[in-house]
Amino acid sequence: MIKQPQPPGFKDHSFEFSFKVAADEAMVWQWLNDTRTFTDTQVWPWKVEFYSPEPDKIPNGFYESVLTNHSGPFVNFAGELTTIKENKYRDLQYLYGSYAISFRWIRPYRLEFSTEQTGELTEITGKLSTYVKPYLYNPWNSAQKIFWGRFKRWATRSVRKLNKKQQA
């Protein structure tokens, strides 16, 4: 995987978030690395897909070398899963041509997730890295706060349900 170069006239933007959920790290990781977590919850016309370039060797899903695409109106986040350390870290490198709103304005290049258990809580940390036109830097940052705030609520509820289901 070749890291995307920073285009002329764009600023590097990284949005990092973290929150804790009341579950063990393995359960959080199970939810975070279940393709259905992302494919079954999409609202039409958006869609998330996973594609193994070698289906006889690597299953579709959260495995290194698997290609993924989150697409829909104003969004095309196509990438490759490059590094996965079970129960700890996942790195998704977005391919050249990926964009939000317009290829001329916002280009994602990396999405990372990590987890760390502390006592009965597991901290989920995420980081989305993008190249952004300077005049969209602050609005893009505000949009990320809203989007990832919703992700936090969704993850907390979903992991709680998964935890109850497995304890039953």
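Check the entry above for the structure.
Quick notes on the rules
- Every chain is numbered independently, its residues counted from 1 as its sequence is written.
- Per-residue local features are limited, in this predicted model, to residues with pLDDT of at least 70; the limit for side-chain atom pairs, both in listing and counting, is 80 or more; totals at the level of whole chains, interfaces and linings are taken over all residues.
- Only heavy atoms go into the side-chain values, all of them from the structure, while hydrogens and water stay out.
- Pairing of aromatic side chains requires ring centres within 6.5 Å, counting the rings of Phe and Tyr and the six-membered ring of Trp. Pairs whose planes differ by under 30 degrees are stacked, by over 60 edge-to-face, and all others tilted.
- For the purposes of this entry, the term helix denotes a DSSP run of H or I that reaches at least four residues, the term strand denotes a run of E that reaches at least two, and both are numbered from the N terminus.
- Throughout, exposure labels follow a simple rule: accessible area from a 1.4 Å probe, protein chains only, divided by the maximum for the residue type, with under 20% read as buried, over 50% as exposed, and the rest as partly exposed.
- In the sections that follow, a salt bridge refers to a side-chain nitrogen of Lys or Arg positioned within 4 Å of a carboxyl oxygen of Asp or Glu.

Asker: Just to check I follow, could you spell out the packing of aromatic side chains for this structure?
Answerer: The relation between two aromatic rings is expressed through the spacing of the ring centres and the mutual angle of the planes. Counting across every chain of the model gives 19 aromatic pairs. With a centroid separation of 6.3 Å and 70° between ring planes, the pair formed by F19 and F151 is classed as edge-to-face. Residue F19 is located in strand β1 (residues 11–21), and its partner F151 is located in helix α3 (residues 137–167); the two are separated by 132 residues in the primary sequence. A relative accessible area of 5% means that F19 is categorised as buried. Seen from their ring centres, W31 and W154 are 5.1 Å apart, and the 75° between their planes marks the pair as edge-to-face. Remark: W154 occurs in helix α3 and W31 occurs in helix α1 (residues 25–32); sequence separation between them is 123 residues. Accessibility expressed as a relative area gives 7% for W31, which makes it buried.

Asker: Which parts of the structure should I look at to understand the pattern of salt bridges?
Answerer: Where charged atoms from two side chains of opposite charge come close, those side chains can pair. Under the counting rule described, the total for this entry stands at six salt bridges. For the salt bridge of E25 with K88, the shortest nitrogen-to-oxygen distance reads 3.2 Å. With E25 in helix α1 and K88 in the loop between β4 (75–85) and β5 (89–94), the pair connects residues that are 63 residues apart, well separated along the chain. One salt bridge in this structure joins D91 and R110, with 2.9 Å as the shortest N-O distance. Of the two residues, D91 sits in strand β5 while R110 sits in strand β7 (residues 106–118), which places them 19 residues apart along the sequence. Judged by its relative accessible area of 3%, D91 is buried. Salt bridges sharing common partners tie together D91, R110 and E112.

Asker: What am I meant to see in unusual backbone geometry here?
Answerer: Among all residues except glycine, the phi angle is most often negative; among peptide bonds, the trans geometry is most common. In this chain, W44 is followed by P45 through a cis amide linkage whose omega measures 15°. At N87, a position not held by glycine, the phi torsion is positive, near 65°. With respect to the helices and strands, N87 occurs in the loop between β4 and β5.

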